[in-house]
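Reading the structure
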Amino acid sequence: MSADIEKIKQRKKEWEEKVLKPALERFWLKESPTEFYSPADIEDFDFPSQVGFPGEYPFTAGTYPTSPALPAPRRGLPAASGQVRAATYSGYGTSEDTRDYYIEMQRRGQRRGPNLAFDLPTQCGYDSDNPLVRGEVGKTGVAVDTLKDFEVIYEPFQGELELDRIASNFTINGPCNILIAMYFALAEKRGIPLDKLRATPQNDILKEFIARGTYIFPPRHSMRMFRDSLVFFTRHCPHVNITSVGGYHIRGAGATREQDLAFSMAILCAYLQEGVNAGLDVDSFAPRFSVNAFGGSMEFFKEIAFQRAARRMWAKVVKEKFGAKNERSMLLRQPAGAHMGYENCTVQRPLNNLTRSVVGAIASALSGGLPIPMPPFDEPLGLGWSLEASQLSEDAFKILYYEAKLNKVLDPLAGSYYVEHLTDEIEEAAWKELQKIESMGGVVAAIESGYMQREIAKSAFERQRRIETAEDLVVGVNCFVGENELEVQTSHLVPHPYDPVKREQAEEKQIKRLADLKKNRDNRAVSQLLKELRVKAQKEDENLIPHFIECAKAYVSEQEMCDVLRDVFGEYQPATL
């Protein structure tokens with residue numbers, strides 16, 4: 001084999017001198033704008049150990065051995081879809097506004113559970129009546145202050161759509177345990193055992209410190225909250241995912257591809273370690289770890305290779321570092337494969353975002369996921385997607401799946417000299433960065449020192465510099481912006497699903513409703529529960545979720561619980577970069 005590689009290397013030198021060099025001179029080029037890869041670029045390549053077969057360690061070729069075909073639609077009827085997955089990310093205004101949104105979606109045929117987006121006050125542990133958050137209530141998602149809001153939101157989800165027959169997603173991190181306790185309290189009030197619930201809270205607090213910023217407590221106390229949820233879910237909620245790590249948030253904040261993978265793996269390692277430190281067998285909880293999404297860019301082949309590298313790296317981490325024996329623990333579970341990256345949507349000529357999302361969808365199909373064109377083209381234009389934009393994305397998916405048949409072959413680029421080279425290169429760079437973080441004492445220490453935040457900030461600056469200098473071209477933004485370029489638009493056939501009037505009125509309505517609730521609840525019981533919470537929070541080994549559930553049933557508000565924890569844990573102050 002080595003002799004063959006040497007022949008290929010020699011042959012390449014001859015080709016570069018006799019064929020490539022004259023072609024470059026002909027076009028007055030100093031270097032080639034294209035690359036070519038051969039077996040010499042993956043000379044130590046070993047298919048069984050580096051790729052293997054789909055659904056088999058190291059899972060490079062795919063998480064699962066096959067992808068069950070979606071049912072073909074019958075004439076006049078929509079294609080069938082699974083009933084136990086949550087719907088698309090949604091929620092705005094008051095709980096009544098979001099309830100009405102789900103009622104309308106059900107009228108249009110949706111039969112899935114909610115995938116809740118919360119407003120910033122809720123994400124940061126503040127009640128809607130706090131003067132600090134004036135102007136933010138109900139803006140980026142639905143306002144949730146107490147169990148009452150959950151009761152209202154879930155009014156449409158009864159009967160055939162009862163809590164134990166649907167899945168719910170909650171994009172919440174800092175106060176995750178408090179919000180999920182409200183959901184558990186709702187289930188108990190409806191007589192539904194917790195072990196029958198299917199849900200996925202994001203519960204990825206470490207990412208918040210380096211990317212999104214909706215943290216509350218310092219990292220080490222935040223990890224205590226994570227440990228509580230990991231242990232409680234493992235023991236009482238076998239169908240509730242423990243976390244849905246958001247690597248694409250890290251990428252969206254400016255991280256490079258390799259930083260995204262390394263930082264995400266460092267975070268996942270820290271979460272796994274919490275379970276091990278709590279005395280649990282890694283195989284008892286690792287299968288309930290999921291990833292919301294990794295990566296995100298328009299670099300087609302690199303994003304495909306990234307997904308392959310991520311699957312292989314995760315499998316190695318769980319098996320070799322944590323000693324997992326169950327292969328289900330080694331599966332990198334995520335809803336899709338590669339994608340375009342939401343941050344790459346443009347306000348300028350927004351319909352071009354549909355093309356971008358289709359490119360991402362094709363990359364997803366070629367990297368082990370369904371060809372899901374996300375997000376809809378109007379992502380950068382405001383909260384929520386128009387039904388027209390959603391329809392175009394759904395149709396694009398159907399064309400890629402049913403007409404182009406992109407999911408007929410798993411890992412079709414396996415063995416490609418270029419893609420295998422990229423896969424190895426990305427994984428190797430990520431391992432080096434992960435080892436660097438571990439040498440600092442792990443991800444929490446790296447956050448406390450400000451290292452990860454600084455590195456992302458540097459990369460974000462560099463990315464923006466490349467766009468502003470047109471080193472990286474973005475159609476309609478820094479190139480092809482002449483006066484003859486057309487601003488193509490679509491017609492709005494139906495009203496936007498988020499009523500703008502309701503959204504503007506949400507804050508005053510939510511504040512008034514919260515005041516009425518606080519006036520009429522049993523405030524003596526509330527005071528006693530908060531005193532008990534303070535005592536329990538001071539005990540490091542106390543799991544707070546059972547008490548959060550009792551607080552929720554008494555309509556103790558989110559901020560009332562968070563404020564007790566702020567007093568006990570303190571609040572996070574970002575490191576100076």
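Quick note: structure is the one above.
Okay, the nonpolar core next. Ranked by size, the top nonpolar core spans 119 residues in total, and within it Phe150, Tyr154 and Leu206 carry the most contacts. In this structure, Tyr154 is in contact with Pro114, Leu116, Leu163, Ile166, Ser168, Phe170, Tyr183, Leu186 and Arg190, ignoring residues within four places of it in sequence. Cys124, Tyr126, Val133 and Ala143 belong to the second-largest nonpolar core, a separate cluster that totals five residues.

The next subject is the packing of helix 19 (residues 523-537) against helix 21 (residues 558-569). The interhelical angle for the contact between helix 19 and helix 21, taken along N-to-C directions, is 30°, at an axis separation of 10 Å. Here helix 19 lies roughly parallel to helix 21, going by the angle between them. Considering the relative orientation of helix 19 and helix 21, their crossing is right-handed. Taken together, the residues of helix 21 that come into contact with helix 19 (itself represented by Val526, Leu530, Leu533, Arg534 and Ala537) are Glu560, Met561, Val564, Leu565, Asp567, Val568 and Phe569.

Another point: the packing of helix 10 (residues 257-277) against helix 15 (residues 417-439). One way to put it is that helix 10 packs onto helix 15 with a least axis distance of 8 Å and a crossing angle of 50°. With respect to helix 15, the axis of helix 10 lies oblique. When you trace helix 10 past helix 15, the crossing you get is right-handed. Facing helix 10, whose interface residues are Arg257, Glu258, Leu261, Ala262, Phe263, Met265 and Ala266, helix 15 presents Ile426, Ala429, Ala430, Glu433, Leu434 and Ile437. Looking at the contact of helix 10 with helix 15, its residues break down into 10 nonpolar, no polar and three charged.

With 25 residues, helix 1 (residues 2-26) extends 35 Å between its outermost C-alpha atoms, agreeing within 8% with the 36 Å of an ideal straight helix rising 1.5 Å per residue. The principal kink in helix 1, of about 40°, is found at Glu16. Just downstream of helix 1, Trp28 is the residue with a positive phi angle, here 55°.

Procedures and definitions
- Residues numbered from 1 in each chain as written.
- Predicted model: local features only at pLDDT ≥ 70, side-chain atom pairs only at ≥ 80, totals over all residues.
- Heavy atoms only, no water.
- Core = buried A, V, L, I, M, F, W, Y, C linked by side-chain atoms within 4.5 Å.
- Buried < 20%, exposed > 50% of the residue type's maximum accessible area, 1.4 Å probe, protein only.
- Contact = heavy atoms within 4.5 Å.
- Axes fitted to C-alpha atoms, helices over the stretch in contact; angles between N-to-C directions.
- Helix = DSSP H or I, 4+ residues; strand = E, 2+ residues; numbered from the N terminus.
- Parallel < 35°, antiparallel > 145°, perpendicular 65-115°, else oblique.
- Left-handed = near helix turned anticlockwise from the far one by under 90°.
- Nonpolar A, V, L, I, M, F, W, Y, C, P; charged D, E, K, R; others polar.
- Expected span 1.5 Å × (residues − 1).
- Bend = angle between axes of the 7 residues up to and from the residue.

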